[in-house]
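Geometric and topological summary
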Amino acid sequence: MNKVRIVTDSTADLPKELVEDLGIVVVPLKVHFGYEVYRDGMDISAPEFISRLEKESVLPTTSQPSPGEFVAVYENLLEKGETIISIHLSGKLSGTIQSAKTARTMIDSKNIHIIDSKSVSMGLGLIVIAAAEAAREGKSVREILAVVNDKIERSFVIFLVDTLEYLEKGGRIGKANAFLGTLLKIKPILTIEAGLIIPVEKVRGKTRAIERIAQIITERVDTSKRYDCSYVYGNDYAGVLKLKDLLQPALKCGDPIITELGSVVMSHAGPGVIGVVLCPD
C-alpha cells in the first residue's frame, strides 16, 4: 500500500510543530503590501504582519498559489510513490482549490484527491489534522476520505470580528453584509456554513460578544460528546483565553489548540478576531 500524504494550504493556520510531527505539506498563499510579496507563514509572522498593518494606509491584498506551485509539490510526492489527499480552504472564499485542481489536470494522475473543506483557518486545520493522523495510522485512501467528509459535515465554527471592514474590502463578506453600517462598538458574530461566511448576531461590546459565543456553543452543541477543539485569535490573546476559560468546563475536548491567525486570514478578517472551532472526535 502506498503511503498517503496530506497536503493543505497556509490558511489552515496550523501550528508548525503539528505540521512537522504529522508530515503535513503546506502550500503557502501570499500577502501583498504594494509590490512586496510575502509567503504566508514563511516570510512574515503574525506579529510582523500586525506591525506592518498598523503602519500602512492601504489594506494588504492576498493571492492564491499558482497551479505551477501545486504541480511542484504534487510531482515531488508522486515521485516518492505517495498518494496525495489535498485539502483546502473553501472554494467560495478563494481560488486556491481551483489552482490545485488545475495542477492535477496538468499532471494527469489518479493518485491526487482534492477536497474542499468548506471552511478556513482551524476549521480547515482540524480536518487536516484528523486526515494526517488517519494516514499515519495506515488507513486507506477511502478510509481517510470518509474521515475527512465526516469532519467537514459535522464541524462548527463561530467567531467574532472587531469590524467588517476587512471582510468587506476583501470581498469575503458573504451574507454578513447584513451587518454593515451598524453602530460603533457592535461586534458581529459570524459562522461558516457551506463554505460561506454567515451572520449569527451582533452584540454590543467585545466582552459581551465573547460571552455570547460561549452561550451559543452550549446551546447548539451536544456537550455530552467529545470534540477536537481549537481557539483562534488575531492579536487578542487575552480575549481568546477568556473564551477558552468560559467554554472548557462545558466541553469534552481535552487540550485544545490555541493558534493565532496567519497573515492571509487576518488580511480578510482583520485583527481582533476571536473564535472557536469544534470538530467531532
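Note that this is a predicted model, so its numbers are computed, not measured. (Residues numbered from 1 in each chain as written. Predicted model: local features only at pLDDT ≥ 70, side-chain atom pairs only at ≥ 80, totals over all residues. Heavy atoms only, no water.)

Glancing now at the overall build of the protein chain. Secondary structure assignment for the protein chain yields ten helices and 13 strands. A compact globule built from 281 residues would reach a C-alpha radius of gyration of about 19 Å, and the protein chain, at 18 Å, matches this within 12%. If you line up the protein chain on its principal axes, its C-alpha atoms span 55 × 50 × 30 Å. Per-residue burial for the protein chain yields a buried fraction of 53% across its 281 residues. Pairs at least 24 residues apart make up 72% of the contacts formed inside the protein chain by residues separated by at least 6 positions. (Helix = DSSP H or I, 4+ residues; strand = E, 2+ residues; numbered from the N terminus. Rg over C-alpha atoms; globule rule 2.2 N^0.38 Å. Buried < 20%, exposed > 50% of the residue type's maximum accessible area, 1.4 Å probe, protein only. Contact = heavy atoms within 4.5 Å.)

The subject of this paragraph is helix α3 (residues 67-79). In a regular helix each residue adds 1.5 Å, so 13 residues correspond to 18 Å; α3 covers 18 Å between its end C-alpha atoms and thus fits that length. Buried within α3 are the following residues: Phe70, Val71, Val73, Tyr74 and Leu77. Structurally, α3 contributes buried residues whose contacts are with β1 (4-9), β2 (25-27), β6 (83-88), α4 (96-107) and β7 (112-116). Backbone geometry just downstream of α3 places Gly81 in the positive-phi region, at approximately 80 degrees. (Expected span 1.5 Å × (residues − 1).)

As a further point, take the pattern of salt bridges. Close approach of charged atoms allows side chains with opposite charge to pair. Applying the stated criterion across every chain yields a total of 14 salt bridges. Residue Lys118 pairs with Glu153 through a salt bridge whose shortest N-O separation is 3.7 Å. Separated by 35 residues along the polypeptide, Lys118 in the loop between β7 and α5 (122-136) and Glu153 in helix α6 (residues 141-154) bring together distant segments of the chain. Among the salt bridges present, the one from Arg212 reaches Glu219, with a minimum N-O distance of 3.5 Å. Each of Asp162, Lys187, Lys206 and Asp236 takes part in a single network of salt bridges with overlapping partners. (Salt bridge = Lys/Arg side-chain N within 4 Å of Asp/Glu carboxyl O.)

Bringing the nonpolar core into the picture now. Of all hydrophobic cores here, the largest spans 50 residues; its most connected members are Ile6, Ile87 and Ile144. The greatest single-element share of this core, amounting to ten residues, is contributed by α5. When residues no more than four places from it in sequence are discounted, the contact partners of Ile87 are Ile6, Val7, Thr8, Asp9, Ile115, Ser117, Leu124, Ile127, Val128, Ala131 and Val148. Counting residues in hydrophobic clusters, the runner-up holds 24 residues, among them Ile158, Val203, Leu247 and Leu278. (Core = buried A, V, L, I, M, F, W, Y, C linked by side-chain atoms within 4.5 Å.)

Bringing the sheet that holds strand β11 (residues 227-233) into the picture now. Pairing is mixed across the open sheet formed by six strands, whose spatial order is β10-β9-β8-β13-β11-β12. This sheet does not close on itself; its edge strands, each paired only once, are β10 (196-204) and β12 (257-260). Adjacent strand axes in the sheet meet at a mean angle of 20 degrees when their direction is disregarded. Across five bridges, strand β8 (residues 156-160) lies against strand β13 (residues 274-280) in antiparallel orientation. Directly across from Phe156, in β13, lies its bridge partner Leu278. With respect to the sheet, helix α8 (residues 206-220) is in contact with β8, β9 (186-193), β10 and β13, its orientation differing from that of β8 by roughly 165 degrees. (Pairing = 2+ DSSP bridges. Axes fitted to C-alpha atoms, helices over the stretch in contact; angles between N-to-C directions.)

Here we come to the side chain of Lys187. Along the chain, Lys187 falls in strand β9. Overall, Lys187 belongs to the buried group, its relative accessible area being 14%. Only 3.3 Å separates the side chain of Lys187 from the side chain of Asp162, close enough to count as a polar contact. What Lys187 contacts, discounting residues up to four positions off in sequence, is Val161, Asp162, Glu201, Lys202, Val203, Gly205, Lys206 and Ala209. (Polar contact = N/O pair within 3.5 Å; in protein donor to acceptor, adjacent residues only side chain to side chain.)

These figures capture arrangement, not role.
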